[in-house]
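Residue-level structural notes
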Amino acid sequence: MSPLHFEELDQTRTIVFQSKAICIEYIYARLAEEELILPVTEYEHLKSSGTPEEVFAVLLKLSDEMESLCPYMYRDIAKQMNIQLDVENVVADAFFTLAMDITASGVTWGKVVAIYALAGALAVDCVYQGQTAMIYAIVDSMGVFTYKYLSPWLLHRGGWGVLKSSVSWGLGELGTEKQL
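Each value, and the rule that gives it
- Residues numbered from 1 in each chain as written.
- Predicted model: local features only at pLDDT ≥ 70, side-chain atom pairs only at ≥ 80, totals over all residues.
- Heavy atoms only, no water.
- Phe/Tyr/Trp six-rings, centres within 6.5 Å; stacked < 30°, edge-to-face > 60°.
- Helix = DSSP H or I, 4+ residues; strand = E, 2+ residues; numbered from the N terminus.
- Buried < 20%, exposed > 50% of the residue type's maximum accessible area, 1.4 Å probe, protein only.
- Axes fitted to C-alpha atoms, helices over the stretch in contact; angles between N-to-C directions.
- Parallel < 35°, antiparallel > 145°, perpendicular 65-115°, else oblique.
- Contact = heavy atoms within 4.5 Å.
- Nonpolar A, V, L, I, M, F, W, Y, C, P; charged D, E, K, R; others polar.
- Core = buried A, V, L, I, M, F, W, Y, C linked by side-chain atoms within 4.5 Å.

Some thoughts on the packing of aromatic side chains
On inspection of all chains with the given rule, the structure shows eight aromatic pairs. Ring centres of Trp109 and Trp153 lie 4.9 Å apart, and the angle between their planes is 75°; on these two criteria the pair is classed as edge-to-face. Residue Trp109 is located in helix H6 (residues 109-128), and its partner Trp153 is located in helix H7 (residues 135-157); the two are separated by 44 residues in the primary sequence. In this structure Trp153 comes out as buried when scored by relative accessible area, which is 12%. Put simply, the rings of Tyr26, Trp109, Tyr116, Trp153 and Trp160 touch in pairs and so form one group of aromatic residues.

Below is the structure:
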């Protein structure tokens with residue numbers, strides 16, 4: 001293997017690790033918002049992954065705006081799909097299927113945000129169904145999905161750190177300098 005290939009593999013591993021850390025923190029934030037857990041402010045997963053907290057803050061702000069525009073889209077995912085979240089493969093397949101649908105016509109920052117909103121909504125459903133252990137299946141699925149589909153796109157753009165500079169805020173709506 002050439003040194004360039006090793007560097008790309010290392011960058012991909014970093015992107016996947018950061019994506020999973022962001023997913024964990026995002027899920028914690030959504031569970032806290034639903035008052036299912038106490039709020040977490042330490043962001044231990046972000047720190048250990050080297051992901052800037054600002055990236056998470058922007059992602060959370062974007063998802064809040066997205067969910068306010070389409071409040072029912074990111075609620076009761078299991079009910080909408082008519083599934084029980086008691087089997088790991090069911091949870092992983094549900095996440096993967098919807099994430100694939102979201103990115104079917106390509107990846108944008110808006111679609112990445114939508115995938116995290118999906119992960120958070122599925123995690124909330126898991127807790128409501130008494131299946132908190134299934135949250136790990138969502139995080140692992142985010143890692144696999146990132147590895148297979150998001151990492152090339154993220155690497156091409158410079159990684160997670162550029163999210164903040166890729167987005168401009170409108171008056172209560174999602175706006176971007178580039179295609180969100």
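Okay, back to it.
What about the packing of H6 against H7?
Two quantities define a packed helix pair, namely the angle between the helix axes and the distance between the axes. One can describe the packing of H6 onto H7 by two numbers: an axis separation of 10 Å at closest approach and a directional angle of 170°. Taken together, the axes of H6 and H7 are roughly antiparallel relative to one another. Across the interface between the two elements, Trp109, Val112, Ile115, Tyr116, Ala119, Leu122, Ala123, Cys126 and Val127 of H6 pack against Ile135, Ile138, Met142, Phe145, Leu150, Trp153 and Leu154 of H7. Residue composition of the contact of H6 with H7, grouped by class: 16 nonpolar, no polar and no charged.

Quick look at the nonpolar core
Where a protein is soluble and globular, its nonpolar side chains tend to be buried together. In terms of nonpolar packing, the biggest core is built from 54 residues, with Phe95, Tyr116, Ile138 and Trp160 touching the most fellow members. Put simply, the parts of the chain that give this core at least two residues each are helix H1 (3-33), helix H3 (53-69), helix H4 (77-81), helix H5 (88-102), H6 and H7. Residue contributions to this core peak at 15 residues, all from H6.

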